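As a plain string of letters, each chain reads:
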Amino acid sequence: MLQPIKIQGTDDTPRVILDPNTENPKFEISGRSLPEDVVAFYEPILEWLDEYTKSPMEKTIFDFKLDYFNTASSKLLLDVLLKLEDMYDDGHDVLVRWHYPEDDEDMQEAGEEYADIVEVPFEQVSYSID
């Protein structure tokens, strides 16, 4: 069984939870993504997803709740989405939920652009910041 990944977020790195082993499975990348070494940060996540895709759960719902990400992160976020697309192409039930603040057009558009690139069910979820 895969060990979950739980990375506490910082000012520069997102919080990451990849945990299929609970009654409430959670797959989430949230916060800000501008790590100094973006490849080093995302590599274990991509490797974990490679393992996970070999025998995924019946349904995988992956939440992106990013406030901000830099250009270097955008490429690696796409890599994450492409792994989910591979899983979907293999006949698995996958849903990507892209959360963005309702007044943040940039994050909304980023989600729309990703949705156009990957062939995977994609939901845009806006929320209000109080």
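Residues numbered from 1 in each chain as written. Predicted model: local features only at pLDDT ≥ 70, side-chain atom pairs only at ≥ 80, totals over all residues. Heavy atoms only, no water.

Asker: Explain the environment of Ser73 to me, please; I cannot follow it from the model alone.
Answerer: With respect to the helices, strands and loops of the structure, Ser73 is situated in helix α2 (residues 71–89). In this structure the C-alpha to C-alpha distance between Ser73 and Gly91, which are 18 residues apart in sequence, comes to 28 Å. When sequence neighbours within four positions are dropped, the list of residues in contact with Ser73 reads Ser33, Leu34, Pro35, Val38 and Tyr42. Within the local environment of Ser73, its side chain forms a polar contact with the side chain of Ser33, the two groups lying 2.7 Å apart. (Helix = DSSP H or I, 4+ residues; strand = E, 2+ residues; numbered from the N terminus. Contact = heavy atoms within 4.5 Å. Polar contact = N/O pair within 3.5 Å; in protein donor to acceptor, adjacent residues only side chain to side chain.)

Asker: What is the right way to look at the packing of aromatic side chains in this model?
Answerer: Centre-to-centre distance and the angle between the planes together describe a pair of aromatic rings. Applying the stated criterion to the full structure yields 10 aromatic pairs. On the numbers, 5.1 Å between centres and 50° between planes, the contact of Phe27 with Tyr52 is tilted. Here Phe27 is found in strand β3 (residues 26–33), whereas its partner Tyr52 is found in helix α1 (residues 38–52), with 25 residues between them in sequence. Each member of the pair, Phe27 together with Tyr52, is buried. Geometrically, the ring pair formed by Phe69 and Trp98 is edge-to-face, given 6.2 Å between the ring centres and 90° between the ring planes. Of this pair, Phe69 sits in strand β4 (residues 59–69) while Trp98 is found in strand β5 (residues 93–101), placing the two residues 29 residues apart along the sequence. The same class applies to Phe69 as to Trp98, namely buried. Members of the aromatic cluster, connected to one another through ring pairs, are Phe27, Trp48, Tyr52, Phe62, Phe64, Phe69, Trp98 and Tyr114. (Phe/Tyr/Trp six-rings, centres within 6.5 Å; stacked < 30°, edge-to-face > 60°. Buried < 20%, exposed > 50% of the residue type's maximum accessible area, 1.4 Å probe, protein only.)

Asker: Help me out: how do you make sense of a negative patch on the surface in this one?
Answerer: Taken together, the side chains of Glu102, Asp103, Glu105, Asp106, Glu109, Glu112, Glu113, Asp116 and Asp130 define an acidic patch exposed on the protein surface. Residue Glu102 is classed as exposed on the basis of its relative accessible area, which comes to 51%. (Patch = residues over 30% accessible without salt bridge, like charges linked within 9 Å, V, L, I, M, F, W, Y side chains within 5 Å. Areas by Shrake-Rupley, 256 points an atom, 1.4 Å probe, with all protein chains shown as cover. Salt bridge = Lys/Arg side-chain N within 4 Å of Asp/Glu carboxyl O. Lys, Arg positive; Asp, Glu negative; His and termini not counted. Charge placed at Lys NZ, Arg CZ, Asp CG, Glu CD.)

Asker: I keep staring at the pattern of salt bridges and nothing clicks. Help me out?
Answerer: A side chain of one charge can pair with a side chain of the opposite charge if their charged atoms are brought near each other. This structure, assessed with the given rule, holds nine salt bridges. A salt bridge links Asp79 to Lys75, with the nearest nitrogen and oxygen atoms 2.8 Å apart. In this pair, Asp79 and Lys75 are both assigned in helix α2, four residues apart and thus about one turn of the helix distant. What you see here is one network of salt bridges that share partners, running through Arg15, Lys26, Glu28 and Lys65.

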